[in-house]
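Chains, contacts and geometry: an overview
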Amino acid sequence: MAAKLAISIHIRIRDRPNACGSANRTPTQRETIIEQTSIALIGRYYAAFNAGDMTAFVSLVADGVVHDINEGKREVGRTAFAAFMTRMNASYAERLTDIVVMATADGTRAAAEFVVHGAYLKSDLGLPEARGQSYVLPAGAFFEIRDGAIARITNYYSLAQWVAQVGGA
């Protein structure tokens, strides 16, 4: 029986700069709603990831999503993103914790910081041999949001730290 994973999203709304650049005003109700909508979208994205629900996960990205792979190339399109996730899920079993999501007032950009807890299951091209090694890494992601969908994803983590944890060079 699969255990349900809870996801905790921490939200911090900061004062927005006024036209002169000083942060001395409170966000408008409209800004807060738009910002919260984007934060909720990213929350659903990570909840689906942690649940292993790739159908829901992939459904949250735009048809033409731009995916900037950590220390890799850029891939474009929902089909390419789904294929990437299939490859990743064959080699890695990961769960994200300590997720913090922030968004701009206009809701077009978001960022997340989290901790990746994983197991390296199957050797990935150009990386050390997989032997079921565990790893824990801090990571982050940046998002562009358009028309209620994730239009760009850029992920960052330290590949060198990951290699050190799984016993590579």
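Please refer to the structure higher up on the page.
First things first, this report covers the structure right here in the doc. (Residues numbered from 1 in each chain as written. Predicted model: local features only at pLDDT ≥ 70, side-chain atom pairs only at ≥ 80, totals over all residues. Heavy atoms only, no water.)

Our focus in this paragraph is the overall build of the protein. Of the regular secondary structure elements, the protein holds four helices and six strands. Taken from N to C terminus, the helices and strands of the protein fall in the order α-α-β-β-α-β-β-β-β-α. Every one of the 169 residues in the protein was classed for burial, and the buried ones make up 40%. Long-range contacts, defined as pairs at least 24 residues apart, comprise 53% of the intrachain contacts of the protein with a sequence gap of at least 6. (Helix = DSSP H or I, 4+ residues; strand = E, 2+ residues; numbered from the N terminus. Buried < 20%, exposed > 50% of the residue type's maximum accessible area, 1.4 Å probe, protein only. Contact = heavy atoms within 4.5 Å.)

Below, the discussion takes up helix α4 (residues 159-166). Given 3.6 residues per turn, any residue in an α-helix points the same way as the ones three and four places further on. Those residues of α4 that sit buried are Trp162, Val163 and Val166. Across the axial projection of α4, the buried residues extend over an arc of 100°, all falling on one side. Within α4, the exposed residues directed more than 90 degrees away from the buried face are Ala160 and Ala164. Looking at the buried positions of α4, the neighbouring elements they touch are β3 (92-103), β4 (109-120) and β5 (133-146). One or two steps after α4, the chain reaches Gly167, where phi turns positive at roughly 90°. (Arc of directions from axis to C-beta.)

Turning next to the pairing of β5. For a regular strand, side chains alternate in direction, first toward one face of the sheet and then toward the other. Taken together, the twelve bridges between β4 and β5 define a ladder with antiparallel strand orientation. Residue pairing across strands places Val116 opposite Leu137, the latter belonging to β5. Hairpin connection, β5 to strand β6 (residues 149-157): the antiparallel pair is bridged by two residues, and Asp147 has positive phi, about 55°. (Pairing = 2+ DSSP bridges.)

Turning our attention to the packing of aromatic side chains. Inspection of every chain in the model, using the stated rule, returns twelve aromatic pairs. Taken together, a centroid distance of 5.5 Å and an interplanar angle of 80° make the contact between Tyr45 and Phe143 edge-to-face. Taken as a pair, Tyr45 in helix α1 (residues 29-51) and Phe143 in strand β5 lie far apart in primary sequence, 98 residues in all. With respect to class, Tyr45 is no different from Phe143; both count as buried. Aromatic ring contacts, followed pair by pair, group Tyr45, Tyr46, Phe49, Phe57, Phe81, Phe114 and Phe143 into a single cluster. (Phe/Tyr/Trp six-rings, centres within 6.5 Å; stacked < 30°, edge-to-face > 60°.)

Relative to the assigned elements, Asp98 resides in strand β3. You can call Asp98 exposed: its relative accessible area is 54%. In this structure the C-alpha to C-alpha distance between Asp98 and Val116, which are 18 residues apart in sequence, comes to 9.0 Å. With residues near it in sequence (within four places) discarded, Asp98 still touches Glu113, Phe114 and Val115.

This paragraph deals with the sheet that holds β5. Here six strands make up an open sheet; going across it, the order is β2-β1-β6-β5-β4-β3 and the pairing mixed. Bordering the open sheet on either side are β2 (74-76) and β3, each of which pairs with just one other strand. Taking each pair of neighbouring strands and ignoring which way they run, the sheet shows an average axis angle of 20°. Two elements, strand β1 (residues 61-68) and β2, share three bridges in a ladder whose sense is antiparallel. What sits directly across from His67, in β2, is Glu75. Sheet strands in contact with helix α3 (residues 78-91) are β1, β2, β3, β4 and β6, and its direction is about 55° off that of β1. Seen against the sheet, α4 touches β3, β4, β5 and β6 and runs at an angle of roughly 155° to β5. (Axes fitted to C-alpha atoms, helices over the stretch in contact; angles between N-to-C directions.)

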